[in-house]
Amino acid sequence: MNRTDRPIANPIVVLREEFDDWAVLFNPDTAAAVGINPVGVAIWKRMDGKRSLKEIVLEIKTSFEDAPEAALEEITAFVDKLAEHGYVGYELKDDTDHRTI
Amino acid sequence: MLMRTPRTVDIEITARCNLRCRYCYFFNNPAVVYRDLPADEWLKFFDELESLGVMNVTMAGGEPFIRDDLPALLEGLVRNRMRFSLLSNGALIDDEIAAFIASTRRCEYVQVSVDGSCAQTHDSCRGKGSFDRAIRGIRTLQRHRVNAAVRVTIHRNNVNDLENIAHLLLEELDLPGFSTNSAGYLGTCRLNAADVLLNRQERQVAMATLLRLTQKYNGRISASAGPLSEGRMWRRMQEAWAQGAPAFPNGGRLTACGCPSSKIAVRADGAIVPCNMLAHMELGRINQDRLLEVWQHSSALNQLRRRHTTPLTEFEFCAGCSYTPYCTGNCPGLAYTLTGKVDHPSPDACLRRFLEEGGTIV
(Lines give C-alpha, C1' and ligand atoms only; values in the text may rest on other atoms or scores of the structure.)
Protein backbone atom coordinates (compact mmCIF):
# COMPACT_ATOMS: atom_id res chain seq x y z
CA MET A 1 0.00 0.00 0.00
CA ASN A 2 1.38 3.37 -0.97
CA ARG A 3 0.40 6.81 0.16
CA THR A 4 -1.40 8.92 -2.43
CA ASP A 5 -1.11 12.70 -2.60
CA ARG A 6 -4.73 13.02 -1.57
CA PRO A 7 -4.95 14.22 2.04
CA ILE A 8 -7.99 13.32 4.08
CA ALA A 9 -9.16 15.04 7.24
CA ASN A 10 -9.28 12.73 10.25
CA PRO A 11 -13.04 12.16 10.61
CA ILE A 12 -12.84 12.14 14.40
CA VAL A 13 -11.51 15.71 14.42
CA VAL A 14 -14.10 18.43 15.03
CA LEU A 15 -13.96 21.69 13.10
CA ARG A 16 -15.27 24.51 15.33
CA GLU A 17 -15.80 27.60 13.25
CA GLU A 18 -15.98 30.99 14.93
CA PHE A 19 -17.58 34.31 13.97
CA ASP A 20 -14.31 35.70 12.57
CA ASP A 21 -13.95 32.74 10.17
CA TRP A 22 -11.06 31.35 12.15
CA ALA A 23 -11.62 27.91 13.61
CA VAL A 24 -10.39 25.32 16.06
CA LEU A 25 -9.59 21.76 15.13
CA PHE A 26 -10.30 19.55 18.13
CA ASN A 27 -9.36 15.91 18.48
CA PRO A 28 -11.67 14.46 21.16
CA ASP A 29 -9.53 11.33 21.49
CA THR A 30 -6.47 13.27 22.57
CA ALA A 31 -8.05 16.57 23.72
CA ALA A 32 -5.57 18.32 21.42
CA ALA A 33 -6.77 21.49 19.72
CA VAL A 34 -5.23 23.88 17.23
CA GLY A 35 -6.40 27.21 15.86
CA ILE A 36 -6.48 27.70 12.09
CA ASN A 37 -7.06 30.80 9.96
CA PRO A 38 -9.72 31.16 7.24
CA VAL A 39 -7.40 29.76 4.56
CA GLY A 40 -6.70 26.79 6.83
CA VAL A 41 -10.44 26.27 7.18
CA ALA A 42 -10.86 26.29 3.41
CA ILE A 43 -8.05 23.75 3.05
CA TRP A 44 -9.53 21.57 5.81
CA LYS A 45 -12.90 21.45 4.09
CA ARG A 46 -11.27 20.30 0.86
CA MET A 47 -9.28 17.44 2.36
CA ASP A 48 -11.75 14.76 1.39
CA GLY A 49 -9.35 12.12 0.10
CA LYS A 50 -10.50 12.82 -3.44
CA ARG A 51 -8.65 16.02 -4.21
CA SER A 52 -4.88 16.00 -4.57
CA LEU A 53 -2.83 18.57 -2.72
CA LYS A 54 -2.16 20.34 -6.02
CA GLU A 55 -5.87 20.50 -6.78
CA ILE A 56 -6.53 21.94 -3.33
CA VAL A 57 -3.86 24.58 -3.85
CA LEU A 58 -5.40 25.50 -7.19
CA GLU A 59 -8.82 25.91 -5.61
CA ILE A 60 -7.39 28.00 -2.78
CA LYS A 61 -5.60 30.26 -5.25
CA THR A 62 -8.89 30.77 -7.02
CA SER A 63 -10.82 31.46 -3.82
CA PHE A 64 -8.31 33.74 -2.13
CA GLU A 65 -7.07 36.61 -4.27
CA ASP A 66 -4.11 37.32 -2.02
CA ALA A 67 -2.77 33.75 -2.06
CA PRO A 68 1.05 33.95 -2.14
CA GLU A 69 3.25 32.67 -4.95
CA ALA A 70 4.61 30.02 -2.64
CA ALA A 71 1.13 28.73 -1.84
CA LEU A 72 1.99 25.15 -2.76
CA GLU A 73 4.94 25.06 -0.38
CA GLU A 74 3.05 26.80 2.40
CA ILE A 75 -0.03 24.63 2.09
CA THR A 76 2.09 21.50 1.87
CA ALA A 77 3.89 22.49 5.06
CA PHE A 78 0.56 23.22 6.75
CA VAL A 79 -0.91 19.87 5.76
CA ASP A 80 2.28 18.03 6.74
CA LYS A 81 2.12 19.67 10.17
CA LEU A 82 -1.48 18.60 10.59
CA ALA A 83 -0.58 15.09 9.46
CA GLU A 84 2.29 14.96 11.93
CA HIS A 85 -0.17 15.63 14.76
CA GLY A 86 -2.80 13.19 13.57
CA TYR A 87 -5.33 15.67 12.23
CA VAL A 88 -4.83 14.53 8.65
CA GLY A 89 -4.01 11.30 6.87
CA TYR A 90 -3.52 10.33 3.27
CA GLU A 91 -5.54 8.02 1.11
CA LEU A 92 -3.68 4.79 0.47
CA LYS A 93 -3.33 3.16 -2.91
CA ASP A 94 -3.22 -0.61 -3.16
CA ASP A 95 -0.28 -1.35 -5.47
CA THR A 96 -0.12 -5.03 -4.66
CA ASP A 97 -0.05 -7.38 -7.61
CA HIS A 98 -2.90 -9.71 -6.76
CA ARG A 99 -2.30 -12.10 -9.70
CA THR A 100 -1.48 -15.65 -8.84
CA ILE A 101 0.66 -17.96 -10.90
CA MET B 1 -15.37 37.21 23.07
CA LEU B 2 -18.59 35.42 22.19
CA MET B 3 -18.10 32.05 20.54
CA ARG B 4 -20.26 31.14 17.56
CA THR B 5 -21.51 28.08 19.40
CA PRO B 6 -21.01 26.93 23.00
CA ARG B 7 -17.74 25.13 23.56
CA THR B 8 -18.96 23.44 26.73
CA VAL B 9 -22.40 22.38 27.87
CA ASP B 10 -23.13 21.69 31.55
CA ILE B 11 -25.92 19.14 31.85
CA GLU B 12 -27.79 18.15 34.97
CA ILE B 13 -28.35 14.66 33.66
CA THR B 14 -30.63 13.68 36.54
CA ALA B 15 -32.66 15.29 39.28
CA ARG B 16 -32.21 12.24 41.49
CA CYS B 17 -29.56 11.83 44.13
CA ASN B 18 -28.65 9.17 46.67
CA LEU B 19 -27.63 11.83 49.20
CA ARG B 20 -29.30 14.88 50.72
CA CYS B 21 -26.42 17.19 51.55
CA ARG B 22 -27.21 20.07 53.84
CA TYR B 23 -25.67 22.71 51.56
CA CYS B 24 -26.67 21.31 48.17
CA TYR B 25 -27.25 24.13 45.67
CA PHE B 26 -29.36 21.88 43.46
CA PHE B 27 -32.31 20.77 45.55
CA ASN B 28 -34.96 23.01 47.08
CA ASN B 29 -34.82 25.57 44.32
CA PRO B 30 -38.46 26.60 43.79
CA ALA B 31 -37.75 27.57 40.18
CA VAL B 32 -36.58 24.08 39.19
CA VAL B 33 -38.70 21.17 37.97
CA TYR B 34 -37.15 17.99 39.39
CA ARG B 35 -37.87 15.59 36.56
CA ASP B 36 -35.61 13.33 34.52
CA LEU B 37 -35.65 13.02 30.76
CA PRO B 38 -35.42 9.60 29.11
CA ALA B 39 -32.12 8.67 27.48
CA ASP B 40 -33.43 9.04 23.94
CA GLU B 41 -34.17 12.73 24.56
CA TRP B 42 -30.60 13.28 25.68
CA LEU B 43 -29.16 11.24 22.81
CA LYS B 44 -31.09 13.31 20.31
CA PHE B 45 -29.75 16.46 21.95
CA PHE B 46 -26.19 15.12 21.81
CA ASP B 47 -26.57 14.78 18.03
CA GLU B 48 -27.41 18.49 17.95
CA LEU B 49 -24.37 19.30 20.08
CA GLU B 50 -22.17 17.46 17.60
CA SER B 51 -23.52 19.55 14.75
CA LEU B 52 -22.51 22.68 16.68
CA GLY B 53 -18.97 21.47 17.35
CA VAL B 54 -19.41 21.36 21.13
CA MET B 55 -16.19 20.00 22.60
CA ASN B 56 -17.01 19.15 26.21
CA VAL B 57 -20.02 18.12 28.23
CA THR B 58 -20.04 18.16 32.01
CA MET B 59 -22.64 15.89 33.53
CA ALA B 60 -23.84 16.70 37.01
CA GLY B 61 -27.11 16.32 38.82
CA GLY B 62 -28.31 15.18 41.17
CA GLU B 63 -25.93 12.28 41.10
CA PRO B 64 -25.11 11.20 37.52
CA PHE B 65 -24.07 7.69 38.54
CA ILE B 66 -27.60 7.04 39.79
CA ARG B 67 -28.71 6.65 36.16
CA ASP B 68 -28.61 3.02 35.04
CA ASP B 69 -28.35 4.23 31.46
CA LEU B 70 -25.25 6.34 32.10
CA PRO B 71 -23.05 4.15 29.83
CA ALA B 72 -25.48 4.62 26.95
CA LEU B 73 -25.48 8.37 27.52
CA LEU B 74 -21.69 8.50 27.60
CA GLU B 75 -21.55 6.42 24.44
CA GLY B 76 -23.80 9.05 22.87
CA LEU B 77 -21.26 11.74 23.71
CA VAL B 78 -18.37 9.64 22.40
CA ARG B 79 -20.24 8.86 19.19
CA ASN B 80 -20.77 12.59 18.72
CA ARG B 81 -17.08 13.44 19.06
CA MET B 82 -17.17 15.06 22.48
CA ARG B 83 -15.23 14.70 25.70
CA PHE B 84 -16.95 14.59 29.05
CA SER B 85 -16.57 15.16 32.78
CA LEU B 86 -18.75 13.92 35.60
CA LEU B 87 -19.48 15.58 38.95
CA SER B 88 -20.29 13.05 41.63
CA ASN B 89 -20.42 12.27 45.32
CA GLY B 90 -18.46 9.11 44.50
CA ALA B 91 -20.73 6.71 46.36
CA LEU B 92 -22.03 4.81 43.33
CA ILE B 93 -18.77 4.43 41.44
CA ASP B 94 -17.90 0.76 41.08
CA ASP B 95 -15.36 -1.20 39.04
CA GLU B 96 -17.76 -1.80 36.19
CA ILE B 97 -18.61 1.83 35.49
CA ALA B 98 -15.04 3.01 36.15
CA ALA B 99 -13.74 0.46 33.63
CA PHE B 100 -16.33 1.62 31.13
CA ILE B 101 -15.37 5.27 31.58
CA ALA B 102 -11.71 4.41 31.14
CA SER B 103 -12.52 2.48 27.96
CA THR B 104 -14.07 5.54 26.31
CA ARG B 105 -10.75 7.46 26.47
CA ARG B 106 -12.85 10.63 26.40
CA CYS B 107 -13.15 11.40 30.09
CA GLU B 108 -11.52 14.63 31.22
CA TYR B 109 -12.17 13.86 34.87
CA VAL B 110 -14.63 12.52 37.38
CA GLN B 111 -14.94 15.00 40.21
CA VAL B 112 -15.77 13.56 43.60
CA SER B 113 -16.79 15.76 46.53
CA VAL B 114 -14.76 15.24 49.67
CA ASP B 115 -15.53 17.59 52.51
CA GLY B 116 -13.57 16.11 55.38
CA SER B 117 -10.48 14.16 56.31
CA CYS B 118 -12.62 11.65 58.18
CA ALA B 119 -16.17 10.39 58.32
CA GLN B 120 -17.12 12.61 61.23
CA THR B 121 -16.47 15.82 59.30
CA HIS B 122 -17.52 14.70 55.83
CA ASP B 123 -20.67 12.93 56.94
CA SER B 124 -21.83 15.88 59.08
CA CYS B 125 -23.39 17.47 56.02
CA ARG B 126 -23.53 14.56 53.59
CA GLY B 127 -24.93 11.72 55.66
CA LYS B 128 -23.63 8.65 57.40
CA GLY B 129 -21.40 6.37 55.35
CA SER B 130 -20.84 8.90 52.58
CA PHE B 131 -17.16 9.51 53.41
CA ASP B 132 -16.15 5.87 53.13
CA ARG B 133 -18.03 5.52 49.88
CA ALA B 134 -16.51 8.71 48.41
CA ILE B 135 -12.99 7.55 49.21
CA ARG B 136 -13.75 4.11 47.83
CA GLY B 137 -15.05 5.78 44.67
CA ILE B 138 -11.84 7.78 44.25
CA ARG B 139 -9.69 4.70 44.75
CA THR B 140 -11.78 2.81 42.19
CA LEU B 141 -11.27 5.58 39.64
CA GLN B 142 -7.55 5.61 40.36
CA ARG B 143 -7.35 1.84 39.95
CA HIS B 144 -8.85 2.20 36.49
CA ARG B 145 -6.65 5.19 35.64
CA VAL B 146 -9.59 7.54 35.33
CA ASN B 147 -8.60 11.10 36.20
CA ALA B 148 -10.12 11.60 39.67
CA ALA B 149 -10.57 15.23 40.64
CA VAL B 150 -11.75 16.31 44.06
CA ARG B 151 -13.78 19.34 45.11
CA VAL B 152 -13.79 20.38 48.74
CA THR B 153 -16.76 22.51 49.73
CA ILE B 154 -15.88 24.48 52.84
CA HIS B 155 -18.48 25.00 55.53
CA ARG B 156 -18.73 25.54 59.27
CA ASN B 157 -18.04 21.89 60.12
CA ASN B 158 -14.87 21.42 58.10
CA VAL B 159 -13.19 24.82 58.21
CA ASN B 160 -10.86 23.60 60.94
CA ASP B 161 -10.12 20.34 59.12
CA LEU B 162 -8.52 21.82 56.00
CA GLU B 163 -4.95 20.87 56.86
CA ASN B 164 -5.98 17.24 57.40
CA ILE B 165 -8.08 17.26 54.24
CA ALA B 166 -5.08 18.46 52.21
CA HIS B 167 -2.96 15.73 53.78
CA LEU B 168 -5.53 13.07 52.98
CA LEU B 169 -6.00 14.14 49.37
CA LEU B 170 -2.49 15.14 48.37
CA GLU B 171 -0.41 12.72 50.41
CA GLU B 172 -2.49 9.65 51.29
CA LEU B 173 -4.53 9.53 48.08
CA ASP B 174 -1.68 11.10 46.10
CA LEU B 175 -3.98 13.22 43.96
CA PRO B 176 -2.23 15.78 41.76
CA GLY B 177 -4.38 18.50 43.27
CA PHE B 178 -7.85 19.46 44.42
CA SER B 179 -10.15 22.43 44.10
CA THR B 180 -12.08 24.29 46.75
CA ASN B 181 -15.23 26.30 47.06
CA SER B 182 -17.52 27.17 49.93
CA ALA B 183 -21.17 26.51 50.63
CA GLY B 184 -23.22 29.23 48.92
CA TYR B 185 -26.63 30.64 49.70
CA LEU B 186 -28.46 28.54 47.11
CA GLY B 187 -30.97 25.67 47.18
CA THR B 188 -30.95 23.51 50.29
CA CYS B 189 -28.21 25.64 51.80
CA ARG B 190 -30.69 28.48 52.20
CA LEU B 191 -32.66 26.28 54.61
CA ASN B 192 -29.55 25.45 56.66
CA ALA B 193 -27.62 28.67 56.22
CA ALA B 194 -27.04 29.32 59.90
CA ASP B 195 -25.52 25.86 60.38
CA VAL B 196 -23.35 25.61 57.30
CA LEU B 197 -22.40 29.00 55.85
CA LEU B 198 -19.07 30.40 56.98
CA ASN B 199 -19.32 33.46 59.19
CA ARG B 200 -16.77 36.25 58.92
CA GLN B 201 -14.29 34.70 61.36
CA GLU B 202 -14.52 31.26 59.77
CA ARG B 203 -14.12 32.73 56.33
CA GLN B 204 -10.97 34.44 57.48
CA VAL B 205 -9.65 31.18 58.94
CA ALA B 206 -10.42 29.39 55.68
CA MET B 207 -8.66 32.04 53.59
CA ALA B 208 -5.56 32.11 55.77
CA THR B 209 -5.34 28.32 55.99
CA LEU B 210 -5.82 27.77 52.27
CA LEU B 211 -3.33 30.46 51.30
CA ARG B 212 -0.79 28.80 53.59
CA LEU B 213 -1.59 25.30 52.34
CA THR B 214 -1.40 26.25 48.70
CA GLN B 215 2.15 27.47 49.33
CA LYS B 216 3.02 24.35 51.28
CA TYR B 217 1.68 22.15 48.49
CA ASN B 218 3.15 24.23 45.69
CA GLY B 219 -0.07 25.34 44.03
CA ARG B 220 -1.80 21.97 44.09
CA ILE B 221 -4.87 23.55 45.68
CA SER B 222 -7.00 25.63 43.34
CA ALA B 223 -10.18 27.67 43.42
CA SER B 224 -12.27 29.73 41.07
CA ALA B 225 -14.62 30.76 43.89
CA GLY B 226 -14.76 30.51 47.66
CA PRO B 227 -12.24 31.51 50.33
CA LEU B 228 -9.02 30.71 48.45
CA SER B 229 -10.11 32.60 45.38
CA GLU B 230 -11.40 35.50 47.49
CA GLY B 231 -8.26 35.54 49.60
CA ARG B 232 -6.12 35.93 46.50
CA MET B 233 -8.40 38.43 44.80
CA TRP B 234 -8.97 40.58 47.87
CA ARG B 235 -5.24 40.69 48.56
CA ARG B 236 -4.62 41.95 45.02
CA MET B 237 -7.43 44.47 45.36
CA GLN B 238 -6.12 45.80 48.65
CA GLU B 239 -2.57 46.09 47.34
CA ALA B 240 -3.78 47.89 44.20
CA TRP B 241 -5.85 50.30 46.27
CA ALA B 242 -2.97 50.99 48.69
CA GLN B 243 -0.65 51.77 45.77
CA GLY B 244 -3.24 53.89 43.95
CA ALA B 245 -2.93 51.50 40.99
CA PRO B 246 -5.09 52.00 37.90
CA ALA B 247 -8.28 50.00 37.58
CA PHE B 248 -7.93 46.32 36.75
CA PRO B 249 -8.75 45.58 33.09
CA ASN B 250 -11.92 43.76 34.14
CA GLY B 251 -12.56 45.96 37.17
CA GLY B 252 -15.26 48.50 37.92
CA ARG B 253 -18.01 46.72 36.04
CA LEU B 254 -20.11 43.57 36.37
CA THR B 255 -17.55 41.52 34.46
CA ALA B 256 -18.02 38.29 36.40
CA CYS B 257 -18.53 35.90 35.08
CA GLY B 258 -17.51 35.25 31.48
CA CYS B 259 -19.12 31.83 31.21
CA PRO B 260 -22.09 32.83 29.01
CA SER B 261 -19.72 33.55 26.13
CA SER B 262 -18.39 30.00 25.98
CA LYS B 263 -20.79 27.68 27.80
CA ILE B 264 -24.42 27.04 28.52
CA ALA B 265 -26.34 24.67 30.79
CA VAL B 266 -29.32 22.34 30.66
CA ARG B 267 -31.46 21.33 33.62
CA ALA B 268 -32.54 17.74 34.24
CA ASP B 269 -35.99 18.49 32.84
CA GLY B 270 -34.49 19.76 29.58
CA ALA B 271 -34.77 23.49 30.20
CA ILE B 272 -31.86 25.42 28.71
CA VAL B 273 -30.47 27.91 31.22
CA PRO B 274 -27.38 30.15 31.15
CA CYS B 275 -25.79 28.38 34.10
CA ASN B 276 -26.73 25.91 36.82
CA MET B 277 -26.49 28.80 39.27
CA LEU B 278 -29.12 30.68 37.26
CA ALA B 279 -31.51 27.74 36.99
CA HIS B 280 -34.58 30.00 37.07
CA MET B 281 -33.67 31.68 33.76
CA GLU B 282 -35.29 29.37 31.23
CA LEU B 283 -34.06 30.23 27.74
CA GLY B 284 -35.66 27.35 25.88
CA ARG B 285 -36.05 23.61 25.89
CA ILE B 286 -33.87 20.95 24.30
CA ASN B 287 -35.24 19.23 21.19
CA GLN B 288 -37.92 21.90 20.95
CA ASP B 289 -35.79 25.01 20.54
CA ARG B 290 -32.62 24.97 18.45
CA LEU B 291 -29.64 25.48 20.71
CA LEU B 292 -27.90 27.64 18.11
CA GLU B 293 -30.89 29.96 18.03
CA VAL B 294 -30.95 30.20 21.81
CA TRP B 295 -27.18 30.69 21.97
CA GLN B 296 -27.03 33.47 19.40
CA HIS B 297 -30.40 35.17 19.70
CA SER B 298 -31.88 34.71 23.18
CA SER B 299 -32.53 38.22 24.46
CA ALA B 300 -32.17 37.12 28.09
CA LEU B 301 -28.84 35.46 27.38
CA ASN B 302 -27.57 38.43 25.40
CA GLN B 303 -28.63 40.74 28.20
CA LEU B 304 -26.63 38.59 30.62
CA ARG B 305 -23.64 38.89 28.28
CA ARG B 306 -24.01 42.66 28.29
CA ARG B 307 -23.84 42.67 32.07
CA HIS B 308 -20.13 43.45 31.79
CA THR B 309 -20.91 46.95 30.51
CA THR B 310 -22.67 47.94 33.75
CA PRO B 311 -20.46 50.13 35.97
CA LEU B 312 -20.43 49.24 39.64
CA THR B 313 -20.80 52.92 40.44
CA GLU B 314 -24.43 52.62 39.28
CA PHE B 315 -25.27 50.56 42.35
CA GLU B 316 -26.18 52.07 45.68
CA PHE B 317 -24.56 48.98 47.20
CA CYS B 318 -21.18 50.12 45.84
CA ALA B 319 -21.56 53.84 46.63
CA GLY B 320 -18.39 55.31 48.08
CA CYS B 321 -16.43 52.06 47.81
CA SER B 322 -12.72 52.57 47.11
CA TYR B 323 -12.36 49.09 45.70
CA THR B 324 -14.75 49.39 42.75
CA PRO B 325 -11.94 49.91 40.15
CA TYR B 326 -10.65 46.46 41.08
CA CYS B 327 -13.95 44.67 41.67
CA THR B 328 -15.82 42.45 39.17
CA GLY B 329 -19.12 42.22 41.04
CA ASN B 330 -18.69 38.47 41.20
CA CYS B 331 -21.13 35.61 40.67
CA PRO B 332 -24.49 36.61 39.11
CA GLY B 333 -26.03 33.42 40.53
CA LEU B 334 -25.24 34.41 44.08
CA ALA B 335 -26.20 38.01 43.33
CA TYR B 336 -29.61 36.76 42.26
CA THR B 337 -30.21 34.47 45.19
CA LEU B 338 -29.09 37.13 47.68
CA THR B 339 -30.65 40.25 46.14
CA GLY B 340 -33.27 38.96 43.73
CA LYS B 341 -31.40 40.67 40.88
CA VAL B 342 -29.03 39.12 38.37
CA ASP B 343 -27.70 42.53 37.35
CA HIS B 344 -26.28 43.37 40.74
CA PRO B 345 -22.95 42.77 42.45
CA SER B 346 -22.93 39.77 44.77
CA PRO B 347 -22.94 41.01 48.38
CA ASP B 348 -21.31 37.74 49.40
CA ALA B 349 -18.12 38.64 47.58
CA CYS B 350 -17.86 42.24 48.80
CA LEU B 351 -14.42 43.10 50.17
CA ARG B 352 -15.61 46.33 51.76
CA ARG B 353 -18.34 44.52 53.65
CA PHE B 354 -15.89 41.86 54.82
CA LEU B 355 -13.54 44.53 56.16
CA GLU B 356 -16.37 46.50 57.78
CA GLU B 357 -17.39 43.36 59.63
CA GLY B 358 -13.90 43.18 61.11
CA GLY B 359 -12.20 40.96 58.54
CA THR B 360 -8.58 41.43 57.59
CA ILE B 361 -6.63 40.29 54.56
CA VAL B 362 -3.58 38.19 55.30
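What counts, and where the lines are drawn
Residues numbered from 1 in each chain as written. Chains lettered and ligands numbered in written order. Predicted model: local features only at pLDDT ≥ 70, side-chain atom pairs only at ≥ 80, totals over all residues. Heavy atoms only, no water. Core = buried A, V, L, I, M, F, W, Y, C linked by side-chain atoms within 4.5 Å. Buried < 20%, exposed > 50% of the residue type's maximum accessible area, 1.4 Å probe, protein only. Helix = DSSP H or I, 4+ residues; strand = E, 2+ residues; numbered from the N terminus. Contact = heavy atoms within 4.5 Å. Buried area = accessible area lost by both parts, 1.4 Å probe. Polar contact = N/O pair within 3.5 Å; in protein donor to acceptor, adjacent residues only side chain to side chain. Nonpolar A, V, L, I, M, F, W, Y, C, P; charged D, E, K, R; others polar. Pairing = 2+ DSSP bridges. Axes fitted to C-alpha atoms, helices over the stretch in contact; angles between N-to-C directions. Parallel < 35°, antiparallel > 145°, perpendicular 65-115°, else oblique. Left-handed = near helix turned anticlockwise from the far one by under 90°. 1 Å grid on protein atoms, 1.4 Å probe; cavity = no way out; pocket = protein on both sides within 12 Å on 5 of 7 lines; lining within 4 Å. Points joined across faces, edges and corners; volume = space filled by probe spheres on them. Salt bridge = Lys/Arg side-chain N within 4 Å of Asp/Glu carboxyl O. Phe/Tyr/Trp six-rings, centres within 6.5 Å; stacked < 30°, edge-to-face > 60°. Lys NZ or Arg CZ within 6 Å of the ring centre and 35° of its normal.

Trainee: Outline the nonpolar core, supporting the account with residue identities and numerical values.
Mentor: Within soluble globular proteins, side chains that are nonpolar generally end up buried alongside one another. In this structure, Trp42, Phe45, Phe46, Met59, Ile101, Val110 and Leu169 of chain B are the most contacted members of the largest nonpolar core, which totals 73 residues. It is helix 6 (residues 162–172) of chain B that contributes the most residues to this core, six residues altogether. Dropping the residues within four chain positions of it, phenylalanine 46 of chain B is found in contact with Ile11, Met59, Leu73, Gly76, Leu77, Asn80 and Met82 of chain B. Of all hydrophobic cores here, the second largest spans 21 residues; its members include Ala9, Met47, Val57 and Val88 of chain A.

Trainee: Outline the interface of chain A and chain B, supporting the account with residue identities and numerical values.
Mentor: The partner chain B presents 18 residues to the 14 residues of chain A that form the contact. The contact between chain A and chain B buries some 1,400 Å² in all, and 55% of this surface belongs to carbon and sulfur atoms. Linking chain A with chain B are nine residue pairs in polar contact (both at pLDDT 80 or more). Per element, the largest residue contribution to the side of chain A that touches chain B is three residues, and it comes from strand 2 (residues 14–17) of chain A. Partitioned by chemical class, the residues of the side of chain A that touches chain B number eight nonpolar, one polar and five charged.

Trainee: How would you explain the sheet that holds strand 3 (residues 83–88) of chain B if you had to name every residue and give the values?
Mentor: All names here are of chain B. Ordered in space as 7-6-5-4-3-2-1-8-9-10, the ten strands form an open sheet in which the pairing is mixed. The sheet is open, and its two borders are formed by strand 7 (221–223) and strand 10 (284–285), each paired with just one other strand. Sitting on the sheet, helix 5 (residues 130–143) is in contact with strand 4 (107–113) and strand 5 (148–154), with an inclination near 160 degrees to strand 4.

Trainee: Outline the packing of helix 6 of chain B against helix 9 (residues 200–216) of chain B, listing residues and values.
Mentor: All names here are of chain B. The N-to-C vectors of helix 6 and helix 9 enclose an angle of 30 degrees; their axes lie 10 Å apart at closest approach. Here helix 6 is positioned roughly parallel relative to helix 9, judged by the angle of their axes. Crossing geometry of helix 6 relative to helix 9 is assigned as right-handed. Seen from helix 6, the contacting residues are Leu162, Glu163 and Ala166; seen from helix 9, they are Ala206, Thr209, Leu210, Arg212, Leu213 and Lys216. Partitioned by chemical class, the residues of the contact of helix 6 with helix 9 number five nonpolar, one polar and three charged.

Trainee: Describe in detail the sheet that holds strand 3 (residues 23–27) of chain A, supporting the description with residues and values.
Mentor: Residue and element names in this part refer to chain A. Taken together, the three strands give an open sheet; going across it, the order is 2-3-4, and neighbouring strands pair in antiparallel fashion. With partners counted over all chains shown, the strands left at the sheet margins are strand 2 and strand 4 (32–36), one partner each. This sheet shows a mean twist of 20 degrees between the axes of neighbouring strands, independent of strand direction. Here strand 3 pairs with strand 4 via five bridges, running antiparallel. The partner of phenylalanine 26 across the bridge, within strand 4, is alanine 33. Contacting strand 2, strand 3 and strand 4, helix 1 (residues 38–46) runs over the sheet at an angle of about 145 degrees to strand 2.

Trainee: Break down the layout of surface pockets for me, with residues and values.
Mentor: All names here are of chain B. When its volume is computed, the second largest pocket comes out at roughly 350 Å³. In terms of lining, the second largest pocket is formed by 20 residues, of which the most central are Leu197, Leu198, Arg203, Asp348 and Arg353. Considering only residue class, the lining of the second largest pocket consists of ten nonpolar, four polar and six charged.

Trainee: Just give me the short version of the pairing of strand 1 (residues 8–12) of chain B, but keep the residues and values in it.
Mentor: Residues and elements named next belong to chain B. Among the five residues that make up strand 1, five are buried, leaving the element largely enclosed by the rest of the structure. The alternating pattern of strand 1 places Thr8, Asp10 and Glu12 on one face and Val9 and Ile11 on the opposite face, and all of these are buried. Bridge count for strand 1 against strand 2 (residues 56–60) is five bridges, and the pairing is parallel. Bridge pairing in strand 2 links aspartate 10 to threonine 58.

Trainee: I'd love a proper account of the pattern of salt bridges, names of residues and values included.
Mentor: Residues and elements named next belong to chain B. For the structure shown, the criterion picks out 26 salt bridges over all chains. The salt bridge partner of glutamate 230 is arginine 203, with a shortest N-O separation of 2.9 Å. Taken together, the residues glutamate 230 in helix 10 (residues 227–242) and arginine 203 in helix 9 connect sequence positions 27 residues apart. By the burial criterion, glutamate 230 is buried, and arginine 203 matches it. Linking aspartate 269 and arginine 267 is a salt bridge whose minimum nitrogen-to-oxygen distance equals 2.9 Å.

Trainee: Give me the side chain of asparagine 158 of chain B: which residues, what numbers.
Mentor: All names here are of chain B. With respect to the secondary-structure elements, asparagine 158 resides in the loop between strand 5 and helix 6. Accessibility expressed as a relative area gives 0% for asparagine 158, which makes it buried. A distance of 2.8 Å separates a polar side-chain atom of asparagine 158 from the backbone nitrogen of histidine 155. Setting aside anything within four residues of it in sequence, one finds asparagine 158 in contact with Asp115, Thr121, Val152, Thr153 and Ile165.

Trainee: Before we move on, can you summarise the packing of aromatic side chains with the specific residues and values?
Mentor: All names here are of chain B. In this structure the tally under the stated criterion is eight aromatic pairs over all chains. Between the aromatic rings of phenylalanine 26 and tyrosine 34, the centroid separation amounts to 5.3 Å while the plane-to-plane angle is 85 degrees, which identifies the pairing as edge-to-face. For tyrosine 34, a relative accessible area of 32% puts it in the partly exposed group. Over the ring of phenylalanine 27 we find arginine 20; its NZ or CZ atom is 4.2 Å from the centre of that ring.

Trainee: Outline the environment of arginine 3 of chain A, listing residues and values.
Mentor: All names here are of chain A. Here arginine 3 lies in strand 1 (residues 2–9). Between the alpha carbons of arginine 3 and lysine 45 there is a distance of 20 Å; along the sequence they are 42 residues apart. Sequence-distant contacts of arginine 3, defined by excluding residues within four places in its chain, comprise Tyr90, Glu91 and Leu92.

Any link to function would need more than the numbers given here.
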